[in-house]
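Breakdown of the fold
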Amino acid sequence: DVQYNPCPSGYEPDPRARNSCVDIDECEYGIHDCQPSQQCVNTPGAFHCTCPDGYRKVGLECIDIDECRYRYCQHRCVNFPGSFTCQCEPGFQLASNNRSCNDVDECNMGAPCLQRCYNTYGTFICRCNQGYELDQDGFTCNDIDECSYSTYLCQYQCVNEPGRFSCICPQGYQLLGTRLCQDINECEMGTHQCSDSQNCINFHGGYRCVEKNQCQEPYVQVSENRCLCPSTNPLCRDQPSSIVHRYMSITADRTVPSDVFQIQATSIYPGAYNAFQIRSGNEQGDFYIRQINNISAMLVLARPVTGPQEYILDLEMVSMNTLLSYRSSSVLRLTVFVGPYSF
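Residues numbered from 1 in each chain as written. Predicted model: local features only at pLDDT ≥ 70, side-chain atom pairs only at ≥ 80, totals over all residues. Heavy atoms only, no water.

Turning our eyes to something else, we now look at the overall build of the protein chain. The helix and strand tally for the protein chain stands at two helices and 29 strands. The C-alpha radius of gyration computed for the protein chain amounts to 54 Å, which surpasses the reference 20 Å derived for 343 residues by more than 25%, pointing to a less compact arrangement than a globule. C-alpha extents for the protein chain along the principal axes are approximately 180 × 40 × 30 Å. Counting only residues that meet the buried cut, the protein chain has 32% of its 343 residues in that class. The contacts of the protein chain with a sequence gap of at least 6 include a subset with a gap of at least 24, amounting to 35%. Here the protein chain has roughly 21800 Å² of accessible surface; of this, 48% comes from carbon and sulfur atoms. Counting 23 positive and 39 negative side-chain charges, the protein chain places the centres of these two groups 15 Å from one another. (Helix = DSSP H or I, 4+ residues; strand = E, 2+ residues; numbered from the N terminus. Rg over C-alpha atoms; globule rule 2.2 N^0.38 Å. Buried < 20%, exposed > 50% of the residue type's maximum accessible area, 1.4 Å probe, protein only. Contact = heavy atoms within 4.5 Å. Areas by Shrake-Rupley, 256 points an atom, 1.4 Å probe, with all protein chains shown as cover. Lys, Arg positive; Asp, Glu negative; His and termini not counted. Charge placed at Lys NZ, Arg CZ, Asp CG, Glu CD.)

Attention now moves to the sheet that holds strand β29 (residues 326-338). Overall, mixed pairing links the six strands, which are arranged β21-β22-β23-β29-β28-β25 in an open sheet. Bordering the open sheet on either side are β21 (220-223) and β25 (273-280), each of which pairs with just one other strand. Taken pair by pair, the neighbouring strands of this sheet meet at an average axis angle of 30°, ignoring direction. Examined bridge by bridge, strand β22 (residues 226-228) and strand β23 (residues 242-250) share three bridges and lie antiparallel to one another. Bridging across to β23, C227 finds its partner in I243. (Pairing = 2+ DSSP bridges. Axes fitted to C-alpha atoms, helices over the stretch in contact; angles between N-to-C directions.)

A few words now on the pairing of strand β27 (residues 296-301). Side-chain positions along a regular strand alternate between the two faces of the sheet. With six of its six residues buried, β27 lies for the most part within the structure. Burial along β27 is two-sided: the residues S296, M298 and V300 and A297, L299 and L301 are all buried. Looking at chain direction, strand β24 (residues 258-264) and β27 are connected through six bridges and run antiparallel. In the strand pairing of β27, F261 is matched with L299. Relative to β27, strand β26 (residues 287-291) runs antiparallel, the two being bridged by five bridges. Counted as the bridge partner of F287 is L301 from β27. Taking the residues between adjacent antiparallel strands as the criterion, β26 and β27 are bridged by four residues.

What follows covers the environment of P8. Relative to the helices and strands, P8 is located in the segment before β1 (11-13). Once the C-alpha coordinates of P8 and L235 are considered, the two residues, 227 residues apart in sequence, prove to be 165 Å apart.

What follows deals with a nonpolar patch on the surface. A contiguous nonpolar patch, built from V220, V222 and L228 and spanning about 200 Å² of accessible area, is present on the exposed surface. Along the chain, V222 turns up in strand β21. Overall, V222 belongs to the partly exposed group, its relative accessible area being 44%. (Patch = residues over 30% accessible without salt bridge, like charges linked within 9 Å, V, L, I, M, F, W, Y side chains within 5 Å. Salt bridge = Lys/Arg side-chain N within 4 Å of Asp/Glu carboxyl O.)

A separate point is unusual backbone geometry. The peptide bond linking V256 to P257 adopts the cis configuration, its omega dihedral lying at -5°. The amide bond that connects G307 to the next residue, P308, takes the cis arrangement and shows omega of 0°. Its location among the elements puts P308 in the loop between β27 and β28 (309-321). At N225, a position not held by glycine, the phi torsion is positive, near 70°. Locating N225 in the fold gives a position in the loop between β21 and β22. Of note in this structure, D253 is not a glycine but carries a positive phi near 55°.

Spatial ordering of the open sheet is given by β24-β27-β26, a layout of three strands whose pairing is antiparallel. In this open sheet, the two edge strands, each paired with only one partner strand, are β24 and β26. Taking the axes of each pair of neighbouring strands and ignoring which way they run, one obtains an average angle of 25° across the sheet.

Turning next to the state of the cysteines. On inspection of all chains with the given rule, the structure shows 17 disulfides. Put simply, C27 and C40 are joined by a disulfide, and their sulfur atoms are 1.8 Å apart. Since a negative S-S torsion denotes a left-handed disulfide, the C27-C40 link at about -75° is left-handed. Here C27 is found in helix α1 (residues 26-29), whereas its partner C40 is found in strand β3 (residues 39-43), with 13 residues between them in sequence. Looking at C40, the relative accessible area reads 24%, which means it is partly exposed. The partner cysteine of C128 in its disulfide is C141, sulfur to sulfur 2.1 Å. Disulfide C128 to C141: torsion about the S-S bond roughly -95°, handedness left-handed. Taken as a pair, C128 in the loop between β12 (123-127) and β13 (132-134) and C141 in strand β14 (residues 141-143) lie far apart in primary sequence, 13 residues in all. Of the two residues examined, C128 and C141, each falls in the buried class. (Disulfide = S-S within 2.5 Å.)

This is how it looks when you write it as structure tokens:
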């Protein structure tokens, strides 16, 4: 039997209160006609069918809304039933609004750069310190061997070091600036081992201790470095009247011909003609004399010489006066030290 319902449509009598009506929840009792894809929403005295979020009603059905069509996302949009998600390209991360993409600072997040990291929009680049070059992997820095690039970086020897290079000099030399070498003057610096009876003679790459008195019989010392052969001594008849000791140093591989030492007469006799010659020490012909005038001449290096070696040259000045049948000579004993290098 159909029970009489005195209440309006969508209501039923309230069993707890006489002569009262309560709303019928059609959604709860399942007496609605909503589609499975729809949601039933109860209302006072009725109900209605709605689509869940992310869907729209087309006819009697709920169809998924493709939010990606509306370009909600800055980079990539992924649609799925009822919703969507935004994704970012590599090097970016999703912002708090879940739509925008912010650049990721990889340098502050452990980027694999070995030395320097520079953040750029969406990525990063690695760079190396001076003296290094970036490896093909884009992250590692390899030392540049500057010494292998040129033989002119250092005057003597180049030493490669991590990220840089340095120049070194041979023993007896010190670095001048960063690449040149200069001789250490042990005599001026007081680092020599010469005694009080010796003179310190500096030359390229070293020094020599020589006796202050180098006069040998029949010569006698008259002043520092000067020996005189007394005319009263019969042994002096065929010997130069005086010997003066001098020292000089030249570098190896010097360009030739090269003026080395100028000889100057200290005593001049009226009417005398002076001639200059190399009396001894030039057996290989490495030097020659170029006479400048009657009182001076130049010692010239004729051939390239290598070191270390030394020459002891007796440079003689012969004075002649044919009218007076006069002839005398004096010698400048020049020790030439040739350094081991061209500097």
